[in-house]
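# Descriptive structure summary
Residues per chain, in single letters:
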Amino acid sequence: MVLNNISVRRAFVFLIGITPFLYLLQAVIRVQTGEWDLLGPEPGKAITHFTGTWGFNFLMASLTVTPLVRRFKQSWALKHRRMLGLFAFFYISLHALAYTAFLLEFQWADIVNEVVERPYLLVGTLSWIILLPLSVTSTRGWQRRLGKRWKQLHKLVYFAVLLACIHYLLQIRAGWFEPFAYTLLTVVLLLLRSKKKV
C-alpha cells in the first residue's frame, strides 16, 4: 500500500507543500512577460496575501495531524507533521518578505516604525519570531539535545497560531468571513488537541 511507503508519502506531502509556491512563481513570470495577469492590478499585495494565506493553511494542517491520528488511528501521519510545519514557516517567511519588499520597498526605518505603530504587524512579527526557533529545532538531533524541554518549547506553536489569528482579525476592513472562519477553526483544533497529548 502507498500509505506503508514512507518515501512515497513524503514525496506526496512535499508536492502538496511546494505546489502553491510553484503556482505563485509561474504567476509572477507571466506577469513579467505580460502574457497573463494572474495577480490583479496590485501584484505586491496579491503575493503578500497569497503567501500569508498558505502559511496559515499549513500551520493549521500541522495542528490537524494529531486530532486526525486520534480519530482514525493512523499514526503514520505523525511522521509528516514536521514537514507541514516547515512549509508553514516557509510561506510565512515569504509573506513577511513580500510585505517588506513590495509594500515597504525595503525602507528599513519605515519597517521599524510600521511594526511599532501598526498592531497587526507587531503581532504578526511576534508570531514569526516564535516560529523561527521551532523550525530550527524541529530535527531529531535537536529533539535529542533538548530532551523534555523540546516538547515544552514546541508548545509555543499554540501561542504562535493564536497570534496569527489576531494578526488576521486586526486587518478586517470589509470581508470578515475568512478571518473569523480561520480563527474558529484554529480554536476548534486547539481544543481538540488539548484533550490528550500525542
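Relevant structure appears above.
In what follows, the accompanying structure is described.

What counts and what doesn't
- Residues numbered from 1 in each chain as written.
- Predicted model: local features only at pLDDT ≥ 70, side-chain atom pairs only at ≥ 80, totals over all residues.
- Heavy atoms only, no water.
- Helix = DSSP H or I, 4+ residues; strand = E, 2+ residues; numbered from the N terminus.
- Rg over C-alpha atoms; globule rule 2.2 N^0.38 Å.
- Buried < 20%, exposed > 50% of the residue type's maximum accessible area, 1.4 Å probe, protein only.
- Contact = heavy atoms within 4.5 Å.
- Areas by Shrake-Rupley, 256 points an atom, 1.4 Å probe, with all protein chains shown as cover.
- 1 Å grid on protein atoms, 1.4 Å probe; cavity = no way out; pocket = protein on both sides within 12 Å on 5 of 7 lines; lining within 4 Å.
- Points joined across faces, edges and corners; volume = space filled by probe spheres on them.
- Phe/Tyr/Trp six-rings, centres within 6.5 Å; stacked < 30°, edge-to-face > 60°.
- Lys NZ or Arg CZ within 6 Å of the ring centre and 35° of its normal.
- Expected span 1.5 Å × (residues − 1).

Turning to the overall build of the protein, a few remarks are in order. Looking only at helices and strands, one finds 9 helices and 0 strands in the protein. Starting at the N terminus and ending at the C terminus, the protein contains elements arranged as α-α-α-α-α-α-α-α-α. Relative to its length of 198 residues, the protein is compact, with a C-alpha radius of gyration of 18 Å against a globular reference of 16 Å. In terms of its C-alpha atoms, the protein occupies a principal-axis envelope of roughly 45 × 40 × 35 Å. Split into buried and exposed, the 198 residues of the protein put 36% on the buried side. In the protein, 66% of the contacts between residues at least 6 apart in sequence involve partners at least 24 apart. Accessible surface, the protein as shown: approximately 12,600 Å² in total, 68% of it carbon and sulfur.

By volume, the largest pocket amounts to about 1,200 Å³. Around the largest pocket sit 36 residues that line it, and Leu78, Arg81, Arg82, Trp150 and His154 are the ones nearest its centre. Contributions of two or more residues to the lining of the largest pocket are made by helix H2 (43–72), helix H3 (81–103), helix H5 (119–136), helix H6 (140–146), helix H7 (148–154), helix H8 (156–169) and helix H9 (177–193). For the lining of the largest pocket, the element with the highest residue contribution is H3, accounting for 7 residues. Lining the second largest pocket are 33 residues, and of these Thr48, His95, Tyr120, His167 and Gln171 sit closest to its centre.

Below, the discussion takes up the packing of aromatic side chains. Applying the stated rule across the entire model yields 15 aromatic pairs. Each ring, one from Phe89 and one from Trp128, has its centre 5.8 Å from the other, and the planes form 20°; the classification is stacked. Residue Phe89 is found in helix H3, and its partner Trp128 is found in helix H5; the two are separated by 39 residues along the sequence. Classification of Phe89 by relative accessible area gives buried; the value is 14%. Here a set of aromatic residues connected by ring pairs shows up, and it is made of Phe14, Phe21, Tyr23, Phe50, Trp54, Phe58, Phe87, Phe90 and Tyr91. The residue whose ring lies beneath Arg145 is Trp142, and the NZ or CZ to ring-centre distance is 4.9 Å.

An ideal rise of 1.5 Å per residue puts 33 Å on 23 residues; H3 measures up with 32 Å between its terminal C-alpha atoms. Buried within H3 are the following residues: Leu84, Phe87, Ala88, Phe89, Tyr91, Ile92, Ala98, Tyr99, Thr100 and Ala101. Looking at the buried positions of H3, the neighbouring elements they touch are helix H1 (6–33), H2, helix H4 (108–117) and H5. Directly after H3, the chain includes Glu105, whose backbone phi takes a positive value near 55°.

Relative to the helices and strands, Pro133 is located in helix H5. Under the relative-accessibility criterion, Pro133 is labelled partly exposed at 33%. Along the backbone, Pro133 and His49 are 84 residues apart, and their C-alpha atoms lie at a distance of 24 Å.

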